[in-house]
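Structural overview
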Amino acid sequence: MIYQDTLKFAESLDAQDELKAFRNEFLIPQHDGKDAVYLCGNSLGLQPVSAHKYLTTQLNSWKDLAVEGWFQGENPWLSFHQQLKKPLTDLTGARSEEITVMNSLTVNLHLMFVSFYKPTNKRYKILMEGGAFPSDQYAVESQVAFHGFEPGKAIIELYPREGEYALRTDDIISAIEQNAQELALVLFGGVNYYTGQLFDMAAIAKAAHNAGAYAGFDLAHAVGNVPLKLHEWDADFACWCSYKYMNSGPGGISGIFVHEKHFDNPQLQRFAGWWGYRADKRFLMAPGFDPARGAEGWQVSTSPILLMAVHKAALDVFEKAGGLDKLRDKSILLTAYLEHLVQQINRKHGEQLFMIITPANPDERGCQLSIVCKRDGKAIFNYLGQNGVIGDWREPDVIRLSPVPLYNSFKDVYEAARHLEDALVGSG
Ligand SMILES: *Cc1c(COP(=O)(O)O)cnc(C)c1O
């Protein structure tokens, strides 16, 4: 498509957009009496209008039924998580038994490590992307230390080549091959939070398995953003949070994936709790842990129904939109439009004031563009905020902007770029 940098053009794209009505399913924050330009779905997705109703329904069940709510009402709480499965399998490319929702993300990473990081003196290393999300770094360091290894020796962090911002898949694979004898686990993000790079998870999982290691993925920035095929890609495990592109509320419930090939492996240990017990016998309260088959066998604690209610509201919007296929098509256009407009600012000014470090190939990125500001970055970011453009700032000089196809418009993207250009003067 040939993009133009006029409001009229942006509005014409919106007029043709089959998904434009979905914006009305969300509560858009206000700025000066108008919708803010919210491009921060990478950090916290917007509230679905329906969340209030879904939550109220459960509050009413609690009011009216109290403890009986576990077994009665429209959606008895005991099996409430089952209703999340269809939309989640659509978004993750998992089989129904391979996923469940529980806890929050970093906690689930730790629980997955219990099962999939079993270091020996020979095979103890973890290979991960350099500059992974800090919580993942801390989790991995503490896991390694917990098993008595030195993080400095056991953790291999891969960085892009000198002068590059994205990791090359070939480089990831050769690093896995080079460390094949000692690798216990390859842990990668689906999409890197800082650069917005989407990794080739199938290739990474394959290389990890060829090396005799497990492959796990943190999908915090990938799920609800890019299509996933976890089963087909042969990931051993994955986890994600639901409050970024899945719009399920601050601190919303997390999810896990465990590949079905592990269901019958008695060697896999786990930290157990009663909610992971086979559902048909859970309330016999018998001694000895007898796990539910599949990912549900990793559940630990009682379902947080209020979080699940909001999650359900948000996932139903994805189902209504027909899953991720059309959303992804729109997402590619939205992000490409933003990219075009940012490059246009550079061209007009005859210098690269804004350097996009996210890969230019749509197959290697999701919604997000990470934009390095060559100067006055913080002032430019503040200017955006003052003008109702909500993105986020990552030290030392990066602005992340993520147009989300469910609720952002081409006009949002146009406005964001216009303010970005004005900021060059305004912040000066
Ligand atoms: C957002 C994010 C987290 C946050 O984890 P919580 O346990 O939900 O606080 C962790 N890892 C990655 C990669 C993230 O993007």
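See above for the structure.
Summarised in this report is the structure supplied together with it.

Here we come to the site of the ligand. Around the ligand, the neighbouring residues are L105, T106, F133, D136, D218, A220, H221, Y243 and K244. Within the side chain of T106, an N or O atom sits 2.5 Å from an oxygen atom of the ligand. D218 has a polar side-chain atom sitting 3.2 Å from a nitrogen atom of the ligand. Protein contact buries 83% of the 390 Å² of open area that the ligand shows by itself. Grouping the constituent residues of the shell around the ligand by class yields four nonpolar, two polar and three charged.

Attention now goes to helix 10 (residues 305-320). Taking 1.5 Å as the rise per residue, helix 10 with 16 residues should run 22 Å; its terminal C-alpha atoms sit 22 Å apart, in good agreement. Within helix 10, burial applies to I305, M308, A309, V310, H311, K312, A313, A314, L315, V317 and F318. Taken together, the buried residues of helix 10 touch strand 1 (26-27), strand 5 (47-48), helix 2 (51-65), helix 3 (85-92), strand 6 (99-101) and helix 11 (324-349). Positioned one or two residues after helix 10, G322 has a phi angle of 80°, which is positive.

The next thing to look at is the layout of surface pockets. When its volume is computed, the largest pocket comes out at roughly 420 Å³. The wall of the largest pocket is formed by 20 residues, among which L198, F199, D200, D363 and E364 lie closest to the centre. Its residues placed into classes, the lining of the largest pocket shows 11 nonpolar, two polar and seven charged. A domain split of the lining of the largest pocket shows at least three residues from each of domain 1 (7-35 + 322-426) and domain 2 (55-320).

As a packed pair, helix 7 (residues 169-178) and helix 8 (residues 201-210) sit with axes 9 Å apart at the nearest point and diverge in direction by 15°. Judged by the angle between their axes, helix 7 and helix 8 are roughly parallel. Relative to helix 8, the crossing made by helix 7 is right-handed. Residues T169, I172, I173 and I176 of helix 7 form the contact with helix 8, whose own contacting residues are A203, I204, A207 and A208. Looking at side-chain class alone, the contact of helix 7 with helix 8 contains seven nonpolar, one polar and no charged residues.

Moving on, we come to the sheet that holds strand 11 (residues 237-240). Spatially, 6-12-11-10-9-7-8 is the arrangement adopted by the seven strands of the open sheet, whose pairing is mixed. In this open sheet, the two strands that pair with only one neighbour each are strand 6 and strand 8 (155-158). Here the average twist between neighbouring strands, direction ignored, is 15°. As paired strands, strand 9 (residues 183-189) and strand 10 (residues 214-218) are joined by five bridges and run parallel to one another.

Another aspect to go through is the pairing of strand 10. Among the five residues in strand 10, four count as buried, and that is most of the element. For the crossover that starts at strand 9, traverses helix 8 and ends in the parallel strand 10, the hand is right-handed. Here strand 10 runs beside strand 11; their pairing, made up of three bridges, is parallel. By the bridge assignment for strand 11, D218 is matched with C239.

Parameters and conventions
- Residues numbered from 1 in each chain as written.
- Predicted model: local features only at pLDDT ≥ 70, side-chain atom pairs only at ≥ 80, totals over all residues.
- Heavy atoms only, no water.
- Near = heavy atom within 4 Å.
- Polar contact = N/O pair within 3.5 Å; in protein donor to acceptor, adjacent residues only side chain to side chain.
- Areas by Shrake-Rupley, 256 points an atom, 1.4 Å probe, with all protein chains shown as cover.
- Nonpolar A, V, L, I, M, F, W, Y, C, P; charged D, E, K, R; others polar.
- Helix = DSSP H or I, 4+ residues; strand = E, 2+ residues; numbered from the N terminus.
- Expected span 1.5 Å × (residues − 1).
- Buried < 20%, exposed > 50% of the residue type's maximum accessible area, 1.4 Å probe, protein only.
- Contact = heavy atoms within 4.5 Å.
- 1 Å grid on protein atoms, 1.4 Å probe; cavity = no way out; pocket = protein on both sides within 12 Å on 5 of 7 lines; lining within 4 Å.
- Points joined across faces, edges and corners; volume = space filled by probe spheres on them.
- Domains from an automatic or database assignment.
- Axes fitted to C-alpha atoms, helices over the stretch in contact; angles between N-to-C directions.
- Parallel < 35°, antiparallel > 145°, perpendicular 65-115°, else oblique.
- Left-handed = near helix turned anticlockwise from the far one by under 90°.
- Pairing = 2+ DSSP bridges.
- Right-handed = clockwise from strand over helix to strand, strands pointing away.

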